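# Chains, contacts and geometry: an overview
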Amino acid sequence: MALQTGTSPFGTLLTAMVTPFTAEGEVDYQLAAALAVKLVDDGCDGLVVTGTTGETSTLTDEENLAMFRTVKEAVGDRAAIIAGTGTNDTKHSVSLSQRAAKLGVDGLLIVTPYYNKPSQAGVQAHFEAIASSTELPVMVYDIPGRSAIPIATETLIRLADHPQIIALKDAKADFAATTRVLANTDLLVYSGDDGLTLPWMVAGAVGLVGVTTHVATKKFRALIDAAQSGDFQTARGLHFELDPLVRGVMTRVQGAVAAKQILKWQGVLPNSVVRLPLVEPSGAEIAVIKADLEEAGMEFSE
């Protein structure tokens, strides 16, 4: 399959936004708006709001919806706003998706139903029910490390026949399986692993839904643009430059925890507050993350 260079309604560089909190643990909507604007200014053409990194599982429905509204109002039509409305309850997901659609979001991110461990028939029925509940385009989110089950390749191929299901965020890291999806569907495939952006784009993916993109937006923008234009020498150099930073954000602690800590060091966020059961990094974890940042040549303040 040739590299997908056509226009995607979701964009090519999407950040799965953190949800900023006040020191007391309440959602800071003003800061969320400012962060969204910064990310778009720095090169994002899409934002995922209250996905995994947005700590959606510890937000109320009203907080989720207020985040969708806040970010959409902040960036307008400058970037696609993708609402994370998937849960392990199909009926709940349908309701949240319909409410999000009324707020003017541009698409939905729907994760594999977690914890329940349904059959693949159940997985397919779950996605199709949610996709059929609105007219919004849907990005399917395959992340077996969190959902306990993968979406089988055959299921993804069948889901691609649904008119609203147009994209896949692949966080399965199974190159052979997703190659079959690329070869047998028109799904717009996005890397869901920051460090695999380049190899996935070589295979035909359109871009990235990332976390490290919070703290290195411009460099990821350059990598994706280079890969899309076929300049793989430049893209490879950027891939190597980003490697220690990806390591620091994605492998030391949970991604939202690391991203918030680094954004605090960068002066973008006033704190690194997360909601339980997430906790802020320990002193030992901070030391390792700082070493990764230093290897990447990144400067920051306390």
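Residues numbered from 1 in each chain as written. Predicted model: local features only at pLDDT ≥ 70, side-chain atom pairs only at ≥ 80, totals over all residues. Heavy atoms only, no water.

### Some remarks on the UniProt feature "active site" (unreviewed entry) in the chain
We apply this condition: UniProt positions are given in the numbering used here, feature names are shortened, and annotations may be inferred rather than shown by experiment. Computed over the protein atoms alone on a 1 Å grid, cavities are sets of points where a 1.4 Å probe fits but cannot get out and pockets are open sets with protein on both sides within 12 Å along at least five of seven lines; a residue lines them when it has an atom within 4 Å of a point. Segments assigned H or I by DSSP are reported as helices when at least four residues long, segments assigned E as strands when at least two residues long, and all are numbered from the N terminus. Partly exposed describes any residue whose relative accessible area lies between the buried limit of under 20% and the exposed limit of over 50%, with all areas from a 1.4 Å probe on protein chains only and scaled to the type maximum. When checking whether two residues touch, look at their non-hydrogen atoms; a contact exists if any pair is within 4.5 Å.
According to UniProt, the feature "active site" (unreviewed entry) maps to Tyr141 and Lys169 in the numbering used here. These residues run over 29 residues, yet every pair of their C-alpha atoms falls within 4.8 Å of each other. Those annotated residues from the list above that line the largest pocket are Tyr141. On the secondary structure map, tyrosine 141 appears in strand 5 (residues 138-142). With relative accessibility at 5%, the residue tyrosine 141 sits in the buried group. Excluding anything up to four places from it in sequence, tyrosine 141 contacts Thr52, Leu109, Ile110, Val111, Thr112, Ile151, Lys169 and Ala171.

### Concerning the sheet that holds strand 8 (residues 207-210)
Convention followed: Paired strands are those between which DSSP finds at least two bridges. Orientation is described by lines fitted to C-alpha atoms, with helices fitted over the stretch in contact, and by angles between N-to-C directions that extend from 0 to 180 degrees.
Reading around the circumference, 1-2-3-4-5-6-7-8 is the order of the eight strands in this closed barrel, with parallel pairing throughout. For this sheet, the mean inter-axis angle between neighbouring strands, taken without regard to orientation, is 25 degrees. Both strand 1 (residues 13-16) and strand 2 (residues 46-49) contribute to a ladder of three bridges, which runs parallel. Bridge pairing links threonine 15 to leucine 47 in strand 2. Sitting on the sheet, helix 9 (residues 217-228) touches strand 1 and strand 8, and the angle it makes with strand 1 is about 145 degrees.

### Looking at the packing of aromatic side chains
The cut-off we apply is this: In this scheme Phe, Tyr and Trp rings, the latter by its six-membered ring, pair at centre separations within 6.5 Å, and the angle between planes marks the pair as stacked below 30 degrees, edge-to-face above 60, and tilted otherwise.
By the definition in use, this model includes one aromatic pair. With centroids separated by 5.0 Å and ring planes inclined at 20 degrees, the aromatic side chains of phenylalanine 175 and tryptophan 200 adopt a geometry described as stacked. Of this pair, phenylalanine 175 sits in helix 7 (residues 175-184) while tryptophan 200 is found in helix 8 (residues 197-203), placing the two residues 25 residues apart along the sequence. A relative accessible area of 2% places tryptophan 200 in the buried class.

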